[in-house]
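Observations on the model geometry
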Amino acid sequence: MEPEYKMSSENLDFHYGDFKALHNVSIYFKPCEVTALIGPSGCGKSTFLRCLNRMNDLIPISRVAGKVTLDGDDIYASAVDVAMLRRKVGMVFQKPNPFPKSIFDNVAYGLWVNGIKDKAFVRERVEESLKQAAIWDEVKDRLQDTALGLSGGQQQRLCIARALAVKPEVVLMDEPASALDPIATQKIEELIHRLKETYTIIIVTHNMQQAARVSDVTAFFYLGKLIEVGDTDTIFTRPKKKQTEDYITGRFG
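Everything quoted here is computed from the prediction, not taken from an experiment.

**Considerations on the overall build of the chain**
For the chain, the count of helices and strands is 10 helices and 10 strands. A compact globule built from 253 residues should have a C-alpha radius of gyration of about 18 Å, and the chain, at 18 Å, falls within 12% of that. Put simply, the chain has 253 residues, and 49% of those count as buried. Taking the contacts inside the chain whose residues are at least 6 apart along the sequence as the reference set, 67% of them involve residues at least 24 apart. Accessible surface for the chain amounts to roughly 12200 Å². Of this, 51% is attributable to carbon and sulfur atoms. Charge separation in the chain, taken as the distance between the mean sites of 33 positive and 33 negative side-chain charges, equals 3 Å.

Written out as structure tokens, the structure is:
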């Protein structure tokens with residue numbers, strides 16, 4: 001039986017050295033839904049996102065308590081292969097970060113790293129991923145050109161294609177449109193709508209209008225605590241907590 005939730009965190013605490021960045025965060029993510037994490041700068045949104053694919057493991061003074069699950073399995077269990085986890089839980093960063101390689105090589109990179117040598121299969125996955133990321137028509141005739149020649153919006157969609165190439169189950173997005181102009185941002189938002197048919201998506205955004213447009217569920221973080229989570233319409237029109245209402249109406253943050 002499929003678990004009802006694709007991912008979850010239960011009583012999650014996170015420390016950077018002596019600083020406690022997350023306090024007892026419990027939240028559940030359903031398959032094929034978009035969840036937006038909102039809240040003022042420094043409230044723990046990106047830290048929480050990075051806990052979901054163990055990116056924070058790269059910080060030597062960090063430590064985690066509590067539980068994060070993917071398909072019901074604890075991702076912090078000692079037997080977990082972190083490389084395999086990050087294949088299942090892909091990540092798109094705030095600033096586009098294409099490799100200084102060709103457009104083709106950027107998307108194929110994850111497949112090669114995972115030992116896939118079949119050239120026909122790799123070509124097929126690259127094309128499929130670029131199509132999924134809504135950039136194929138713009139780059140299909142210049143796959144051998146450097147990715148660094150693309151515009152910022154194209155680079156970000158290329159990075160999304162790169163994340164999709166290894167067929168993740170969950171896609172984490174850390175403010176994926178914050179460095180982009182309004183037209184490129186709109187393309188990313190339209191893309192998120194299409195991708196949620198296949199993937200569970202968790203997006204950090206500072207842009208409240210964006211959260212309202214792209215997400216099914218919104219979670220409000222403040223000072224490292226999850227204050228409130230609920231369906232997006234309810235959070236934006238009838239929040240239960242005064243802190244949420246104050247943030248959404250612009251009284252602080």
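**Quick notes on the packing of helix α6 (residues 152–165) against helix α7 (residues 182–195)**
Contact geometry for α6 and α7: axes closest at 9 Å, N-to-C directions at 20 degrees. One finds that α6 runs roughly parallel with respect to α7. When the axes of α6 and α7 are compared, the crossing they make is right-handed. Within the contact between the two elements, α6 uses Gly 153, Gln 156, Arg 157, Ile 160 and Leu 164 and α7 uses Ala 184, Lys 187, Ile 188, Leu 191 and Leu 195. Looking at side-chain class alone, the contact of α6 with α7 contains 6 nonpolar, 2 polar and 2 charged residues.

**Topic: the pattern of salt bridges**
For the structure on display, the rule yields 11 salt bridges. Salt-bridge contacts for Glu 127 lead to Lys 131; the nearest nitrogen and oxygen are separated by 2.6 Å. With Glu 127 and Lys 131 both in helix α4 (residues 119–132) and 4 residues apart, the pair spans about one turn of that helix. Relative accessible area serves as the criterion here: at 29%, Glu 127 is assigned to the partly exposed category. When its relative accessible area of 47% is taken as the criterion, Lys 131 is described as partly exposed. One salt bridge connects Lys 140 with Asp 137, and the closest N-O pair in it is separated by 3.8 Å. By relative accessible area, which is 62% here, Asp 137 ends up exposed.

**Here we look at the pairing of strand β3 (residues 34–38)**
The element β3 is extensively covered by neighbouring structure, given that 5 of its 5 residues are classed as buried. Burial along β3 is two-sided: Val 34, Ala 36 and Ile 38 facing one way and Thr 35 and Leu 37 facing the other are all buried. Pairing analysis gives 4 bridges linking β3 to strand β8 (residues 200–204), with the strands arranged parallel. Looking at β8, one finds that Val 34 is bridged to Ile 201. Sheet topology places β3 next to strand β9 (residues 217–222); 4 bridges connect them, and they run parallel. Its bridge partner lying in β9, Ile 38 is registered against Phe 220.

**Digging into a nonpolar patch on the surface**
The grouping of Tyr 109, Trp 112 and Val 113 at the surface amounts to a nonpolar patch, some 300 Å² of accessible area in total. Mapped onto the secondary structure, Trp 112 falls in helix α3 (residues 103–113).

**Brief notes about the sheet that holds strand β2 (residues 19–29)**
A sheet is described by the order of its strands in space; here 4 strands give the open sequence β2-β1-β4-β5, paired in antiparallel fashion. Edge strands, defined here as strands with exactly one partner in the open sheet, are β2 and β5 (73–74).

**Quick word on the nonpolar core**
With 45 residues, the main nonpolar core has Leu 130, Ile 160, Met 173, Ile 192, Leu 195 and Ile 201 as its most contacted residues. Examining the composition of this core, we find that 6 residues originate from one element, α6, more than from any other. With sequence-adjacent residues up to four places away left out, Met 173 is seen in contact with Leu 49, Val 92, Ile 160, Ile 192, Leu 195, Ile 201, Ile 202, Ile 203 and Val 204. Of all hydrophobic cores here, the second largest spans 28 residues; its members include Phe 14, Val 170, Val 204 and Ala 219.

Conventions we followed
- Residues numbered from 1 in each chain as written.
- Predicted model: local features only at pLDDT ≥ 70, side-chain atom pairs only at ≥ 80, totals over all residues.
- Heavy atoms only, no water.
- Helix = DSSP H or I, 4+ residues; strand = E, 2+ residues; numbered from the N terminus.
- Rg over C-alpha atoms; globule rule 2.2 N^0.38 Å.
- Buried < 20%, exposed > 50% of the residue type's maximum accessible area, 1.4 Å probe, protein only.
- Contact = heavy atoms within 4.5 Å.
- Areas by Shrake-Rupley, 256 points an atom, 1.4 Å probe, with all protein chains shown as cover.
- Lys, Arg positive; Asp, Glu negative; His and termini not counted.
- Charge placed at Lys NZ, Arg CZ, Asp CG, Glu CD.
- Axes fitted to C-alpha atoms, helices over the stretch in contact; angles between N-to-C directions.
- Parallel < 35°, antiparallel > 145°, perpendicular 65-115°, else oblique.
- Left-handed = near helix turned anticlockwise from the far one by under 90°.
- Nonpolar A, V, L, I, M, F, W, Y, C, P; charged D, E, K, R; others polar.
- Salt bridge = Lys/Arg side-chain N within 4 Å of Asp/Glu carboxyl O.
- Pairing = 2+ DSSP bridges.
- Patch = residues over 30% accessible without salt bridge, like charges linked within 9 Å, V, L, I, M, F, W, Y side chains within 5 Å.
- Core = buried A, V, L, I, M, F, W, Y, C linked by side-chain atoms within 4.5 Å.

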